[in-house]
Structure formats: C-alpha cells, structure tokens
Amino acid sequence: MKNLRVLAVSGIAASIAVGAAACSSTASSTTPAAAPASSSGSASAAAGAAAASSPASAMSDFGPGCSSVPKTGAGSFTGMATAPVATAASANPGLSTLVTAVKKAGLVDTLNAANGITVFAPDNAAFAKIPAATLGSVLANKSELTKVLTYHVVSGRYTPAQLAAGQTLKTLEGGTVTTAMSGGTYTVNGTDVVCGNVQTANATVYIISSVLMPKSS
C-alpha cells in the first residue's frame, strides 16, 4: 500500500510545523482564483521568496473539510488564529491523530517556535487509511515519525493562488512536493486539499486527505 511507505522514509529537518488554523469563522466552499502558472523555475523561486516573508493571507478558507471545524471556542477558525500551529492543531478535533504524532515525536515546542511556514496537514481520515498496526509501529519510532512529519512542511507562507500556479517546493525533510489546481480542486502530490488557507499565528495550513509519501533516500 502506497501510504505504508510514507511512514518509514525520508530525512529529518530542524524545524517543522503541522496543524490547522485560522481563517474566517464561516467556512467557504468557493475556490479562490488561481494565479497564472509560473513559466520557469526562477519564477517559482521568486514566488517562494515572497511567500516566506508574507503574513497570513486575507483570502478565505475553502474546501469541504472546513465545515467540520468548530464554530466557536479555541478550535474554531477565530480561536486558532492567534495560537501557534501545534497549539492550534490540538484544539481541532479533525487533527487529533496528527497532534498525537507531533507529541510522540517531541516536536510541539519546535513547531510552536517556527515562523513563516506552510504545513500540509493530514486529517484523521488520512491516517485512518493506514493499517492500525503499521501506524502504531511508526508512532512508536520517534526517528521515523519525525522524518515523515518534516516532509509535510515547507518554508514560506504560500497563498492558494501561489499553489494553484503549480509550485515545486522543497520540504524541511529535504525532498520536494508539487502543488496544482485542476477543476477547482487543489492538490499536493496529487492529494486533495480538503480545507485550505487555514491560518495560525506562525503558519499557513492546508489540510489534506492522505499522508504524503517522500521518496526513499
């Protein structure tokens, strides 16, 4: 199974971030307009440089998964808006498996201290696709777990328009992920974004439907 390989590969990075965060208090299913596709690697790099210093995007959250976010309290979009990403994720019930993984990897403090990042955060359903025994084994292996989690984080806060343009982004793990938008659906390595442009105090989060698979080193 493709996802079984996800949890046993890649290299470790110094800082990571995962989670879900803050958009508007009313989730929108309307897809933001995409920017024109980048015509060169240098254009993509320039977009990345701009994203690294950009604050939270003013564009609304989008996607069917946004409707499951609590409407009030610490787990709501508004409540998570001022929290660092690991803290924000812990208040989102849809990311409880991811939060467990972050805690087991000992990455909560590192996550919360990170600045200007984009996180592709697998939801609970994404982790549920992995057999329980395999997931349990990886959660117990701090080194391998950290490798997997760092593959889901890139430097810079990327907007939906930038991702729609088709970016190849270097992850903190050292590999790359590729973003796209087709038929109104945003993807990362072909995996659907179910709730996008979610903001935390220190990260922009795109909640995704599968755990990403880094290439074997």
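Keep in mind that what you see is a predicted model, and the values were worked out from it rather than measured. (Residues numbered from 1 in each chain as written. Predicted model: local features only at pLDDT ≥ 70, side-chain atom pairs only at ≥ 80, totals over all residues. Heavy atoms only, no water.)

1. Section: the overall build of the protein
Part 1: The secondary structure content of the protein amounts to 10 helices and 7 strands.
Part 2: When burial is assessed residue by residue, the protein has 50% of its 217 residues classed as buried.
Part 3: For the protein, the proportion of contacts with a sequence separation of at least 24, taken over those separated by at least 6, is 77%. (Helix = DSSP H or I, 4+ residues; strand = E, 2+ residues; numbered from the N terminus. Buried < 20%, exposed > 50% of the residue type's maximum accessible area, 1.4 Å probe, protein only. Contact = heavy atoms within 4.5 Å.)

2. A few points about helix H8 (residues 132-139)
Part 1: Taken as a whole, H8 has its buried residues at Leu-135, Val-138 and Leu-139. Taken end-on, H8 shows its buried residues confined to a sector of 100°, consistent with a single buried face.
Part 2: Of the surrounding secondary structure, the elements contacted by the buried residues of H8 are helix H5 (96-104), helix H7 (124-128) and helix H9 (142-150). (Arc of directions from axis to C-beta.)

3. Some remarks on the nonpolar core
Part 1: Residues Phe-77, Val-119, Leu-145, Leu-149 and Val-205 are the most contacted members of the largest nonpolar core, which totals 39 residues.
Part 2: If you look at the next biggest cluster of nonpolar residues, it comprises 15 residues, including Tyr-151, Val-154, Val-193 and Tyr-206. (Core = buried A, V, L, I, M, F, W, Y, C linked by side-chain atoms within 4.5 Å.)

4. Considering the sheet that holds strand E3 (residues 168-170)
Part 1: Sheet architecture is open: 7 strands sit in the order E2-E1-E7-E6-E5-E4-E3, paired in mixed fashion. Looking at the sheet topology across the chains shown, the edges are occupied by strand E2 (153-155) and E3. The sheet shows a mean angle of 30° between the axes of neighbouring strands, taken without regard to direction.
Part 2: For strand E1 (residues 117-122) and E2, the ladder comprises 3 bridges, and the chain directions are antiparallel. Note that in E2 the partner of Val-119 across the bridge is Val-153. (Pairing = 2+ DSSP bridges. Axes fitted to C-alpha atoms, helices over the stretch in contact; angles between N-to-C directions.)

5. Examining the packing of aromatic side chains
Each aromatic ring pair is specified by the distance between its two centres and by the angle formed by the two planes.
Part 1: Enumeration according to the criterion identifies 2 aromatic pairs in this entry.
Part 2: Between Phe-62 and Tyr-186, the aromatic rings sit 4.8 Å apart at their centres with planes inclined by 45°, giving tilted as the arrangement. Placement of the pair is Phe-62 in the loop between helix H2 (41-52) and helix H3 (77-80) and Tyr-186 in strand E5 (residues 185-188), with a sequence separation of 124 residues.
Part 3: Phe-62 gets classed as buried once you look at its relative accessible area, which sits at 3%. (Phe/Tyr/Trp six-rings, centres within 6.5 Å; stacked < 30°, edge-to-face > 60°.)

6. Some thoughts on the pairing of E1
Part 1: Summarising burial for E1: 6 of the 6 residues are buried, a large majority.
Part 2: Neither face of E1 is exposed, since Ile-117, Val-119 and Ala-121 on one face and Thr-118, Phe-120 and Pro-122 on the opposite face are all buried.

7. Here we look at the confidence of the model for the protein
Part 1: Per-residue confidence for the protein gives a mean pLDDT of 78, with 72% of residues at or over 70.
Part 2: Below a pLDDT of 50 lies the segment residues 1-57, which in the model reaches 163 contacts outside its immediate sequence neighbourhood of four places, other chains included. (pLDDT = per-residue confidence, 0-100.)

8. Here's the deal with the environment of Ser-76
Part 1: One can find Ser-76 in the loop between H2 and H3.
Part 2: Distance from Ser-76 to Asn-92, taken between C-alpha atoms, is 7.5 Å for residues 16 residues apart in sequence.
Part 3: In this structure the side chain of Ser-76 is engaged in a polar contact, spanning 2.7 Å, whose partner is the backbone oxygen of Gly-73. (Polar contact = N/O pair within 3.5 Å; in protein donor to acceptor, adjacent residues only side chain to side chain.)

9. Notes on H5
Residues separated by three or four positions in an α-helix point in the same direction, a consequence of the helix having 3.6 residues per turn.
Part 1: Residues of H5 that are buried: Leu-98, Val-99, Ala-101 and Val-102. In a view along the axis of H5, the buried residues occupy a sector of 160°, so they form one face of it.
Part 2: On its buried side, H5 packs onto helix H4 (85-90), helix H6 (108-113), E1, H7, H8 and H9.
Part 3: Immediately beyond the C-terminal end of H5, within one or two residues, lies Gly-106, with a positive phi of roughly 70°.

10. A few points about the environment of Ala-180
Part 1: Along the polypeptide, Ala-180 turns up in strand E4 (residues 176-182).
Part 2: Accessibility expressed as a relative area gives 33% for Ala-180, which makes it partly exposed.
Part 3: Considering only alpha carbons, one finds Ala-180 and Thr-168, 12 residues apart in sequence, at a separation of 9.3 Å.
Part 4: In this structure, Ala-180 is in contact with Leu-163, Thr-185, Tyr-186 and Thr-187, ignoring residues within four places of it in sequence.

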